[in-house]
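This is what each chain is made of:
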Amino acid sequence: MSLHVVLGIETSCDETSCALVLNGREILSNIVASQDAVHAPYGGIVPELASRSHIEKIHSIVEEALKKANLSLREVDGIAVTSGPGLMGSLIVGLSYAKALAYALNIPFCGVNHLEAHLHAIFLERSLPYPFIGLLVSGGHTSLYDVRGVGDTPILGTTRDDAAGEAFDKVAKILGLGYPGGRKIDELSQMGNPAAHSFPRPFLEEENFDFSFSGLKTAVLNRVNRLEHALTDQEISDLSASFQEAVVETLLQRSLKALEKKQVQRLVVAGGVAANSRLRSVFETAGCERGIEVFFPSLKLCTDNAAMVATLGHQVLSFGRRDSWDLGAFASGR
Ligand code: KG4
Ligand code: ZN
């Protein structure tokens, strides 16, 4: 049976998503339902509420994706679903739904790694050869990978504490900007001075590829506490810009080091924080100066979505891998 249309399902965190992708490349539909409004009152994701919201929405999101793609279930050739890492309750909703659908339709299904899916989102828009260095920067992860092929992505380094997106969200909370705050910091930074505060750039001198952002977040908190008054709009913008500059510079220096060590000239930046406008311009400039090709998925494909799951799933299923009905979900991993 030839594999043309793959239906992808993503429920690893707080987005319920379903996509239909043709031949691993062409997005026929990619519906993403955000739970931001559910979690905003708590200033962070509440796992129990995330699972409940997934189970309520998953069926209508799949129906919407099929309708937008103008396809019926009978025209789907395979199913790919995120099996981890992520929130266990959330993962189980998508995985169970995907298994039931594949069983009923009698078509192949596979579980894919969410992080590997982020690193492969770029294939929906560009063709590029392996190997490349992958920088994954999201709310839950900040890691560098040596991406050699599907299922062959050794990790080079990771964060020892907060993920970059988590740091953006926590600093946004400190500055009273609401949740999730990454995009807000990005917007306000455009009015701020990145040199207004000199925040730490952790680990830049060390001989490894690890990151650490929790000290940076504390440095912002201490600076805010020392100001001892309600922050003005300009102060918020300056703090945002200075914090953002420290994150972007740290991510860039680590990535350049990995490219040099592995003697690779291609870098793919993926995950929610890859939507950051300062990060994009700084990385692009550095790439041009050094003859390195830097690839960013478009904004919609940077954040959690099922199209990236479907494109990776297409590759996995095309290799002939099939997962069995007892495939489990995993909460943590690379
Ligand atoms: O990949 P993602 O959608 O979800 C996972 O964490 O898996 O990433 C979400 C993260 C959040 O922390 C959010 O604040 C951050 O990405 N983010 C941004 C921007 N847009 C989203 N951070 C900085 N600048 C942005 N423009
Ligand atoms: Zn993600």
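Read on for an overview of the structure.

**Examining the site of ligand 1**
Not every one of the 18 residues close to ligand 1 is listed here, only the nearest: Gly139, Asp169, Asp186, Gly272 and Asn276. Between ligand 1 and the protein, one listed contact pairs an oxygen atom with a backbone N or O atom of Gly139 at 2.7 Å. At a separation of 3.0 Å, an oxygen atom of ligand 1 approaches a polar backbone atom of Gly272. Summarising the interface, the protein chains cover 88% of the accessible area of ligand 1, which totals 560 Å² for the free molecule.

**Comments concerning the coordination of the zinc ion (ligand 2)**
Protein-derived coordination of the zinc ion (ligand 2) comes from His114 (NE2), His118 (NE2) and Asp304 (OD), at a distance range of 2.1 to 2.2 Å. Taken together, the four donor atoms surrounding the zinc ion (ligand 2) define angles of 90 to 149° at the centre, an arrangement classified as irregular. Counting along the primary sequence, the residues that act as donors to the zinc ion (ligand 2) give the motif H-x3-H-x185-D. Linking His114 in helix H4 (residues 114-120) with Asp304 in the loop between helix H10 (299-302) and helix H11 (307-318), this pair joins segments that are 190 residues apart in sequence.

**Considerations on the sheet that holds strand E4 (residues 78-84)**
With mixed pairing, the five strands of this open sheet are ordered in space as E3-E2-E1-E4-E5. On the outer flanks of this sheet lie strand E3 (26-34) and strand E5 (109-113), each paired with one strand and no other. This sheet shows a mean twist of 20° between the axes of neighbouring strands, independent of strand direction. Alignment of strand E1 (residues 5-10) against E4, held across four bridges, turns out to be parallel. Residue Leu7 lies in a different strand from E4, and its bridge partner there is Ile79.

**Section: H11**
Along its twelve residues, H11 runs 16 Å from first to last C-alpha, staying within 8% of the 16 Å computed at 1.5 Å per residue. Of all twelve residues in H11, ten are buried, a share of seventy percent or more. Looking at H11, one finds that the buried residues are Ala307, Met308, Val309, Ala310, Thr311, Leu312, Gly313, His314, Val316 and Leu317.

**So, unusual backbone geometry**
In this model, Gly84 is joined to Pro85 through a cis peptide bond whose omega is -10°. Here Pro85 lies in the loop between E4 and helix H3 (88-105). Within the chain, Asn106 stands out as a residue other than glycine whose phi angle is a positive 55°. The residue Asn106 is located in the loop between H3 and E5 in this model. Non-glycine residue Gln263 carries a positive phi angle of around 55°. Examined against the element boundaries, Gln263 turns out to sit in the loop between helix H8 (233-262) and strand E9 (266-270). The exposed category is assigned to Gln263, whose relative accessible area is 66%.

The rules behind the values
- Each chain carries its own residue numbering, running from 1 in the direction its sequence is written.
- Key to labels: chains lettered from A, ligands numbered from 1, both in the order written.
- Only residues with pLDDT of at least 70 are given local features in this predicted model, and only at 80 or more are side-chain atom pairs given and counted; all residues enter the totals for whole chains, interfaces and linings.
- Side-chain metrics rest on all non-hydrogen atoms present in the structure, leaving aside hydrogens and water.
- One heavy atom within 4 Å of a molecule or strand makes the whole residue count as near it.
- N or O atoms closer than or at 3.5 Å make up a polar contact, with two conditions inside protein: a donor-capable atom paired with an acceptor-capable one, and, for residues adjacent in sequence, both atoms drawn from side chains.
- Per-residue accessibility takes into account occlusion by the displayed protein chains alone, with areas from the Shrake-Rupley method and a 1.4 Å probe.
- For Na, K and Ca the donor cut-off is 3.2 Å, and for all other metals it is 2.8 Å, counting N, O and S atoms only; because water is absent from this set, sites may look incomplete.
- Labels for metal geometry use angle windows, namely 85 to 135 degrees for all angles of a four-donor tetrahedral site, and for square planar (four donors) or octahedral (six donors) sites opposite donors over 155 degrees apart plus all others within 65 to 115; sites meeting none of these are irregular.
- By definition, any uninterrupted DSSP run of H or I lasting at least four residues is a helix, any uninterrupted run of E lasting at least two residues is a strand, and each is numbered from the N terminus.
- Between any two strands, at least two bridges found by DSSP are needed for them to pair.
- Working convention: axes come from line fits to C-alpha atoms, limited for helices to the stretch in contact. Angles between N-to-C directions cover 0 to 180 degrees.
- Helices are assigned an expected span. That span is 1.5 Å times one less than the residue count.
- Using a 1.4 Å probe on the protein chains alone, a residue whose accessible area is under 20% of its type maximum counts as buried, one over 50% counts as exposed, and one in between counts as partly exposed.

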